[in-house]
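Here is what each chain is made of, one letter per residue.
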Amino acid sequence: MGGLTDHLLDKADLFISNPSYYGPSRLLWRSDLGTMCPGCLDKDTRLAISAQTPPSPSNPAPEVLVEFPDNRLLIDLCGEFDRNLADIEQKLSVQLLRRGNQIAIMGTPDAQQQSADVLNALYARLEAGRAVEAGDIDRELRMGASKGAGADRVTQLEMFKGGKVEIKTRKKLVEPRTDAQKAYVQALFENELAFGIGPAGTGKTYLAVAVGVSMFLSGQVDKIILSRPAVEAGERLGFLPGDMKEKVDPYMQPLYDALDDFLPGKQLAKMMEEKLIEIAPLAFMRGRTLSNAFVVLDEAQNATTMQMKMFLTRLGEGSRMVITGDRTQIDLPRGVPSGLADAERLLANIQKISFNYFTSKDVVRHPLVAAIIEAYEGDAGA
């Protein structure tokens, strides 16, 4: 035991007398102790330093310096209390240090390069007059910094040739955060009928509504129609008070939430009053022809086969239709087949109909949501 103690004490003395042995990040941490001399630390403290501070690799990669000319934008890039830097550090296993108008990156060469790309892409976003939020960092980390971040923006019809994918709405600019989301948005612009299938939290409905609002604002469609099956999620609510709208509104609330993200409240209320935006249960679609409209059917896994056929055949001239659903969250009575599964089987080989699939890797809600989905999927496959 004495030999181990002496060995640890020798390491602690080496750390204090030669901090560079442990790399620049440990030097900063050691400086926070407020001492430079071996004699200032007692035996217990020296042992704690030695036990908690593993040596760096014998040939650590040199630090990479990224320079940003505008200090005011650099403050926004780092975020309040450097939270943006901390997010990048955690996800890429690097250390980022501010030095004036530079950020030093320490880590493996690959991680250093990826960190520099993310920082430069976020800084270019700030230079364009746009804010940097947690979702923007997550998108750059998932998809990588796009080439030509400072290039002129392309139109939405040209954006799939290499530019960034952006959906313009009245309140915000929406950007896909994963490759699957990017392919999905592309399919929404290119196809008259598109399916988005995958677990909760992957942005299927959110992106579909965003594209619908964008197309309406640009004059490509005359109205937006959003629908869902009014199916209770595994419970019986019984009699609901109020008129028909008040009875069905609780089922439609997620669609209202999405619209509220893209349109100012007064404009949204006026558009709904003028029937330019309709939100209605699936059962109300029978007998209608939906022309020059952007139509979204959400929670399509809860439509029966006959309901799905009825809805798909509402498609009129000049319209686009999007069907979204999650095959793992079917609330139909036992023994009733899902219309989404039947549509997937019957329509897969028809041209101009696209199918886009998402996995737990595309979840953009809370990080725990992806872990929860993976746990349930693992249990189902066991």
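Residues numbered from 1 in each chain as written. Predicted model: local features only at pLDDT ≥ 70, side-chain atom pairs only at ≥ 80, totals over all residues. Heavy atoms only, no water.

## A closer look at the overall build of the protein chain
Then, number 1: Counting secondary structure elements, the protein chain contains 14 helices and 11 strands.
Then, number 2: Taken across its 382 residues, the protein chain has 43% of its residues classed as buried.
Then, number 3: In the protein chain, the proportion of contacts linking residues at least 24 apart, taken out of those at least 6 apart, comes to 69%.
Then, number 4: With an accessible surface of roughly 20600 Å², the protein chain has 52% of that area assigned to carbon and sulfur atoms. (Helix = DSSP H or I, 4+ residues; strand = E, 2+ residues; numbered from the N terminus. Buried < 20%, exposed > 50% of the residue type's maximum accessible area, 1.4 Å probe, protein only. Contact = heavy atoms within 4.5 Å. Areas by Shrake-Rupley, 256 points an atom, 1.4 Å probe, with all protein chains shown as cover.)

## Thoughts on the layout of surface pockets
Then, number 1: Taken as a whole, the largest pocket holds about 930 Å³ of empty space.
Then, number 2: Lining the largest pocket are 33 residues, and of these Thr202, Gly203, Tyr206, Leu207 and Val364 sit closest to its centre.
Then, number 3: At the level of secondary structure, the elements contributing two or more residues to the lining of the largest pocket comprise α7 (134–143), β5 (173–174), α9 (204–217), α10 (244–262) and β10 (320–325).
Then, number 4: The leading source of residues in the lining of the largest pocket is α9, at 4 residues.
Then, number 5: Class assignment of the residues belonging to the lining of the largest pocket gives a composition of 9 nonpolar, 10 polar and 14 charged. (1 Å grid on protein atoms, 1.4 Å probe; cavity = no way out; pocket = protein on both sides within 12 Å on 5 of 7 lines; lining within 4 Å. Points joined across faces, edges and corners; volume = space filled by probe spheres on them. Nonpolar A, V, L, I, M, F, W, Y, C, P; charged D, E, K, R; others polar.)

## Some details on α7
Then, number 1: For α7, the set of buried residues is Asp136, Ile137, Asp138, Arg139, Glu140 and Leu141.
Then, number 2: Those residues of α7 hidden inside the fold are in contact with α5 (83–92) and α6 (109–127).

## Re the nonpolar core
Then, number 1: Judged by nonpolar contacts, the single largest core of 35 residues is most densely connected at Val211, Leu226 and Leu259.
Then, number 2: When contributions to this core are tallied by element, the ones reaching two or more residues are α8 (179–190), α9, β7 (223–228), α10, α11 (265–273), β8 (277–281) and β9 (293–297).
Then, number 3: Broken down by element, the residue count for this core peaks at 8 residues, all from α9.
Then, number 4: Residues within four places of Leu259 in sequence aside, it is in contact with Val209, Val213, Leu226, Leu268, Ile277 and Ile279.
Then, number 5: If you look at the next biggest cluster of nonpolar residues, it comprises 24 residues, including Ile225, Leu297, Met321 and Ile323. (Core = buried A, V, L, I, M, F, W, Y, C linked by side-chain atoms within 4.5 Å.)

## Overview of the sheet that holds strand β3 (residues 102–106)
Then, number 1: Taken in spatial order, the 3 strands make up an open sheet running β1-β3-β2, and their pairing is antiparallel. Here the strands that pair on one side only, and so sit at the sheet edges, are β1 (64–67) and β2 (95–99). Put simply, the sheet's adjacent strands are angled 25 degrees from each other on average, direction ignored.
Then, number 2: Across 4 bridges, β1 lies against β3 in antiparallel orientation. Each bridged residue has a counterpart across the sheet, and for Val64 the counterpart in β3 is Ile105.
Then, number 3: Across the face of the sheet, helix α4 (residues 71–78) comes into contact with β2 and β3 while running at roughly 40 degrees to β3.
Then, number 4: Here α6 sits on the sheet and contacts β1 and β3; the angle it forms with β3, its principal contact strand, is near 155 degrees. (Pairing = 2+ DSSP bridges. Axes fitted to C-alpha atoms, helices over the stretch in contact; angles between N-to-C directions.)

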